[in-house]
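Spelled out from the first residue to the last, the chains are:
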2 protein chains.
Amino acid sequence: MSSLHIYNSLTRNKDLFEPLMPGVVSMYVCGPTVYGHSHLGHAKSYVSFDVVVRWLRHLGFKVRYVQNITDVGHLTDDADEGEDKIQRQASKEMVDPMEIAQAYTRSYFEDMDRLGVLRPNIAPTATGHIPEQIAIIERLIDKGHAYESNGNIYFSVESFPGYGKLSGRTDQAAVQSGGRVEQRSDKRSPSDFALWKRAEPGHIMKWPSPWGVGYPGWHVECSAMAMKYLGETIDIHGGGMENKFPHHDCEIAQAEAATGKPFVRFWMHNNMVTVDGVKMGKSLGNFITLKELFGTFDPMVIRFFILQSHYRSPLDFSNAAIKASQSGLEKLHETARRLLETRPGSGTLDVGSFVRKTEEALNDDFNTPVAISVIFEFAKALNGALDRNEGLSADAAAEAMAYLETFAGKVLGILRSREELEAGEAGDGGETLADVISVVLELRKDARARKDFAMSDAIRDLLLAKGIELKDTREGTTWTKKRG
Amino acid sequence: MSSLHIYNSLTRNKDLFEPLMPGVVSMYVCGPTVYGHSHLGHAKSYVSFDVVVRWLRHLGFKVRYVQNITDVGHLTDDADEGEDKIQRQASKEMVDPMEIAQAYTRSYFEDMDRLGVLRPNIAPTATGHIPEQIAIIERLIDKGHAYESNGNIYFSVESFPGYGKLSGRTDQAAVQSGGRVEQRSDKRSPSDFALWKRAEPGHIMKWPSPWGVGYPGWHVECSAMAMKYLGETIDIHGGGMENKFPHHDCEIAQAEAATGKPFVRFWMHNNMVTVDGVKMGKSLGNFITLKELFGTFDPMVIRFFILQSHYRSPLDFSNAAIKASQSGLEKLHETARRLLETRPGSGTLDVGSFVRKTEEALNDDFNTPVAISVIFEFAKALNGALDRNEGLSADAAAEAMAYLETFAGKVLGILRSREELEAGEAGDGGETLADVISVVLELRKDARARKDFAMSDAIRDLLLAKGIELKDTREGTTWTKKRG
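All of the points below concern the structure found in this document. This is a predicted model, so every value here is computed, not measured. Each chain has its residues counted from 1, following the order in which its sequence is written. Chain A is the first chain written and ligand 1 is the first ligand written, with later ones labelled in order. pLDDT decides what is reported in this predicted model: residues at 70 or higher carry local features, side-chain atom pairs at 80 or more are listed and counted, and totals for whole chains, interfaces and linings draw on all residues regardless. The side-chain quantities take in all heavy atoms of the structure and omit both hydrogens and water.

For chain A, the count of helices and strands is 16 helices and 17 strands. Projected onto its principal axes, the C-alpha positions of chain A cover 95 × 60 × 40 Å. With a 1.4 Å probe rolled over the protein chains alone, any residue whose accessible area is under 20% of its type maximum counts as buried; one over 50% counts as exposed, and the rest are partly exposed. Counting all 484 residues of chain A, 57% fall into the buried class. Residue burial considers only the protein chains on display, and all accessible areas are found by Shrake-Rupley using a 1.4 Å probe. Just so you have it, chain A exposes about 19600 Å², and 50% of that area is on carbon and sulfur atoms. When charges are counted, neither His nor the chain ends are considered; positive counts come from Lys and Arg and negative counts from Asp and Glu. Where a charge lies is defined by one atom per residue type, namely NZ (Lys), CZ (Arg), CG (Asp) and CD (Glu). Of the side chains in chain A, 57 bear a positive and 66 a negative charge, and the two mean positions are spaced by 3 Å. Think of it this way: any DSSP run of H or I at least four residues long counts as a helix, any run of E at least two long counts as a strand, and we number them from the N terminus.

Turning to the side chain of B:S223, a few remarks are in order. Residues and elements named next belong to chain B. The residue S223 is located in helix 6 (residues 220-230) in this model. With relative accessibility at 0%, the residue S223 sits in the buried group. Pairing of N or O atoms within 3.5 Å defines a polar contact, subject to two protein rules: one partner must be a possible hydrogen donor and the other a possible acceptor, and residues neighboring in sequence count only if both atoms are side-chain atoms. At 2.8 Å, the side chain of S223 forms a polar contact with the side chain of Q254. Residue contacts for S223: discarding those within four places in its chain leaves I136, E251, Q254, A255 and F263. When checking whether two residues touch, look at their non-hydrogen atoms; a contact exists if any pair is within 4.5 Å.

Backbone geometry follows two general trends: most residues other than glycine have a negative phi, and most peptide bonds adopt the trans configuration. Cis geometry marks the peptide bond from A:F245 to A:P246, where omega comes out at 5 degrees. By secondary structure assignment, the location of A:P246 is in helix 7 (residues 244-259).

The parts lose accessible area when they come together, and the size of an interface is often stated as this lost area. With 69 residues of chain A in contact, the opposing surface of chain B contributes 71 residues. Note: buried area is the sum, over both parts, of the accessible area (probe 1.4 Å) each one loses when the two are combined. Summing the contributions of chain A and of chain B, the shared interface buries around 5900 Å²; its carbon and sulfur component is 55%. Here, a salt bridge means any Lys or Arg side-chain nitrogen found within 4 Å of an Asp or Glu carboxyl oxygen. On the surface where chain A and chain B come into contact, there are five salt bridges. Residues A:R106 and B:D113 are paired through a salt bridge, measuring 3.8 Å at the closest nitrogen-oxygen approach. There are seven residue pairs in polar contact (both at pLDDT 80 or more) connecting chain A and chain B. With 11 residues, the top contributor of residues to the side of chain A that touches chain B is helix 15 (residues 430-449) of chain A. Of the residues contributing to the side of chain A that touches chain B, the split by class is 27 nonpolar, 14 polar and 28 charged. Under this grouping Gly is polar, as are all residues other than the nonpolar Ala, Val, Leu, Ile, Met, Phe, Trp, Tyr, Cys and Pro and the charged Asp, Glu, Lys and Arg.

This part takes up the sheet that holds strand 4 (residues 62-67) of chain B. All names here are of chain B. Read from one edge to the other, the open sheet built from four strands follows the order 4-3-11-12, with strand pairing classed as parallel. Because the sheet does not close on itself, it has two edges, and the strands there are strand 4 and strand 12 (264-270). Sheet twist, expressed as the average angle between the axes of neighbouring strands with direction ignored, equals 20 degrees. Where strand 11 (residues 234-240) and strand 12 come together, six bridges link them in parallel fashion. A pair of strands is treated as paired once DSSP finds two or more bridges between them. Axis lines are fitted through C-alpha atoms, for helices just across the contact stretch, and the angle between N-to-C directions can take any value from 0 to 180 degrees.

Turning our attention to helix 9 (residues 299-307) of chain B. Residue and element names in this part refer to chain B. With nine of nine residues buried, helix 9 lies mostly within the body of the structure. Every buried residue of helix 9 is listed here: P299, M300, V301, I302, R303, F304, F305, I306 and L307. Next to the buried residues of helix 9 lie helix 1 (40-58), helix 3 (97-114), helix 8 (290-296), strand 15 (315-317), helix 10 (319-341) and helix 12 (368-387). Sitting at the amino-terminal end of helix 9 is D298, which places a side-chain oxygen 2.8 Å from the backbone nitrogen of M300.

Glancing now at the relation of the copies chain A and chain B. For the pair chain A and chain B, the relating rotation is 180 degrees, the translation along its axis is 0.0 Å, and the fit reaches an RMSD of 0.1 Å. Look at the turn and shift together and you get a two-fold axis relating the two. Among all C-alpha atoms of chain A, that of A:G128 lies closest to the rotation axis, at 1.7 Å. Of all interface residues in chain A, 100% are interface residues in chain B too; the two copies therefore contact each other through one and the same surface. Copy-to-copy alignment: least squares on C-alpha atoms, limited to residues at pLDDT 70 or above in both.

Residue and element names in this part refer to chain A. In spatial order, the strands read 7-8-9-10; together these four strands make up an open sheet with antiparallel pairing. The outermost strands of the open sheet, each flanked by one partner alone, are strand 7 (146-149) and strand 10 (214-216). Geometrically, the sheet is characterised by an average inter-axis angle of 20 degrees between neighbouring strands, direction not taken into account. Relative to strand 10, strand 9 (residues 193-198) runs antiparallel, the two sharing three bridges. Opposite W196, over in strand 10, you have P216 as the bridge partner. Along the sheet face, helix 7 touches strand 8 (152-155) and strand 9 and points at about 80 degrees away from the line of strand 9.

In an α-helix, one turn spans 3.6 residues, which is why side chains three or four residues apart end up on the same side. Residue and element names in this part refer to chain A. In this analysis, the expected span of each helix is defined as 1.5 Å times one less than the number of residues it contains. Here helix 16 (residues 453-465) is 13 residues long and its end C-alpha atoms lie 18 Å apart, about the 18 Å a rise of 1.5 Å per residue gives. Within the span of helix 16, buried status applies to M455, S456, I459 and L463. Taken end-on, helix 16 shows its buried residues confined to a sector of 105 degrees, consistent with a single buried face. Those residues of helix 16 that are exposed and aimed more than 90 degrees away from the buried face are A454 and A465. Just beyond helix 16, the residue with positive phi is G467, at close to 90 degrees. This arc is taken over the directions from the axis of the helix to the C-beta atoms.

This paragraph deals with the pattern of salt bridges. Here the idea is simple: oppositely charged side chains can pair when their charged atoms come close. Using the criterion set out here, one finds 47 salt bridges over all chains in the structure. A:R312 serves as the salt-bridge partner of A:D365, at 2.7 Å between the closest nitrogen and oxygen. Of the two residues, A:D365 sits in the loop between helix 11 (351-363) and helix 12 (368-387) while A:R312 sits in the loop between helix 9 (299-307) and strand 15 (315-317), which places them 53 residues apart along the sequence. Linking A:R450 and A:D452 is a salt bridge whose minimum nitrogen-to-oxygen distance equals 3.6 Å. Given a relative accessible area of 44%, A:R450 falls into the partly exposed group. Members of the salt-bridge network, linked through shared partners, are A:R106, A:E110, A:D111, A:K291, B:D113 and B:R119.

Right, let's talk about the nonpolar core for a bit. Residues A:Y28, A:F155, A:L195, B:Y28, B:F155 and B:L195 are the most contacted members of the largest nonpolar core, which totals 92 residues. Not counting residues up to four positions away in its chain, the partners in contact with A:Y28 are A:V66, A:N68, A:C222, A:M225, A:A226, A:L230, A:I234, A:I236, A:H237 and A:G238. Counting residues in hydrophobic clusters, the runner-up holds 87 residues, among them A:M27, A:V63, A:Y104 and A:V374. Only buried residues count toward a nonpolar core. Its members are Ala, Val, Leu, Ile, Met, Phe, Trp, Tyr and Cys residues joined through side-chain atoms within 4.5 Å.

In short, the description is geometric, and any link to function would need to be established separately.
This is how it looks when you write it as structure tokens:
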């Protein structure tokens, strides 16, 4: 039994976390809409929830983590108007919408892999769960919570008095239409939201349904897929703060009206990303994809930067801030490397107190910035111990390494593996290798010029022992890496 | 207009290839059933069809390549009996079947990426296309080609006189039941095959349908997905020879009975893999996954090995054969590297004749073994030219490099990129780098021991110029890679 407390957006309180089924946690997070490459906003959300999953597993829970992929286009306007984002991209690139969705799904997972974000147990696609969405819609119609109008199906907000309980919003129509209260002629009430839309001519992604050919509304996929894989009541549902309303309140309405049971026990919302203090957006010219960012900064630096602020706090990106994170992360690795190479002494270190403080931080609504500062306090203490003449005993060193590998490594994902530490830095491919070999060849060429053939041969043999074979040709000396 | 000829299993003839729509090729290949890691049989098939796609694109065609993912379990017995493979694996690993399917889908694409197999334009999943499968089944029922029996839907073979035209098999019932003609009480004729199956209790992956809750039969997903993304008549359909019957003949029957149009114009079938002359199989103890194989051999060596035999010939795997391929591939790369480093001379080389011979080979039903032998003849001629005093002129060298980069690189996928060639070998990460740096540090230590501090400093500076910073500490000299 842990004493994990999670800030629950539903109760607006830090509540003691206990799952519905002892030892097992069901968790759902809204995934990306795959019509473009991922950006820092995606990274903040998914890195944050990645640490939630890792901490829960560290505490001994078996977590089933489901994160959907929205591969059916949503209307560009949150008020159910506008153009389908995926179809728009497909027209631009002149390919089938499914090709767009799959290419950007791949791109998303590549970026997440690079950020050390663990794959969810199941990543269901919206297009792959049309029958489930239709089934939940039929259930809602049967129970009097939804109605058909002109081939469209709408959820009747007045049939569900709890609508808006997550966000606390009441003036839904105004919010839904972005400020303009627009009366759609086929909705009974302006706040009603679409569950199913009749496909207009030219709409590509569409399916048959009891109400004609169409496609699902924006909100229903999450209720359908969360319940399919996790059951009618789930422990944790995560997502961005900006989606509390209407998206998450609609999910609640759909699920609870259909089942009569509470849908989500703990709602977790992450805050948003700004760039130099300004909201990030394509039209604002400050939009940067993760791929572009990874061209300049190591993905682990980005991950570290994200975790240095709380998931519920906004994240302000600036080159200066990332550079500071980069240098902090390097210092942590220098300390880890120093620890790995240290010869056993006789000194001790109170690792246990750091363990406890780190656990406390993470149990306090996943307070990663505090956990990280504890790790840095530890690094300082560790360096101090290593500076002393008696150094650290083998046991103390092992305990210290275990602390770093567990909390910085396994839980926060901000420590390179032991192999990478021993290698000095993560391999970057052949470039640096070729550079360094050219240094060695320079030294050998010098030796031969000085007629120091013993050294020239020694260099050849030393390299051969490491699997590098030299070949002296008319054009110069070349090398190949022998395979074992 | 090319003179590409493809061996068409349907006509049993090498036919001149012309697509239905000028300049555009629609191609579908049966993808993997994702209940385990991929093996050499998968590699042979998908590497072979990868070269087909690459050659078609080289010829100037716009190819839409669709390859499905079978993520709904098929019954283990080809006679529609037995246990669902994915569900069985899910029970074993104690997770949801969708988790198995997704984990092994990821594994499959990882292996294919390593083999240089380009991703298909669209990789639709069976579970993601249930509505489309139901729609085609309804069409077949309406047209009198299928019937319901006890919640199961069967295709009526006698309603489709063309059944078996691909494989030429007539005694279908015997073949379908693996030799035993078993009369299922709910089939009208023993040869009839399942389009939809009623879900038995305990069956997890199931969906609602007009005929009750169930799941699709083995064959219908390919007809449904090929037609959805490529149209009712497609240019090329590829797959394993072992699936000609019943799978491919069933696909034809389903599609053609539903649409009244020819389904596939060119059927391409690849042959199978043996291990030391014996069929590969889990129960035979000679089963090896690609991941295991990649632990010993570079994936590009495996790809090269596969392409050294014709896709319609069996592929016999043995350590000796792969080692021979490995050494052949290394020689090709040594030649390419030599060409890259050569200084311009004045000699010439008749590259054009090699281009023509390679094109001829590939246009002759993708004869990769002959194309590869032409490339090796070229390498021999190239080495001969480089051995001569006049070497090669800059133009001739460029033309030679373009030949290699086009045919060995772009079309066959068996030549490393120029960056990798220049680096000597593909980077393998930090290990070799650390090894070589330790050689340099040895040399520096030696120099300091000899009091040759000028050399010691020169080494430090040379490394720093390459981005490697040395740090002399009490424990010894450490190094870090500076980031730009």
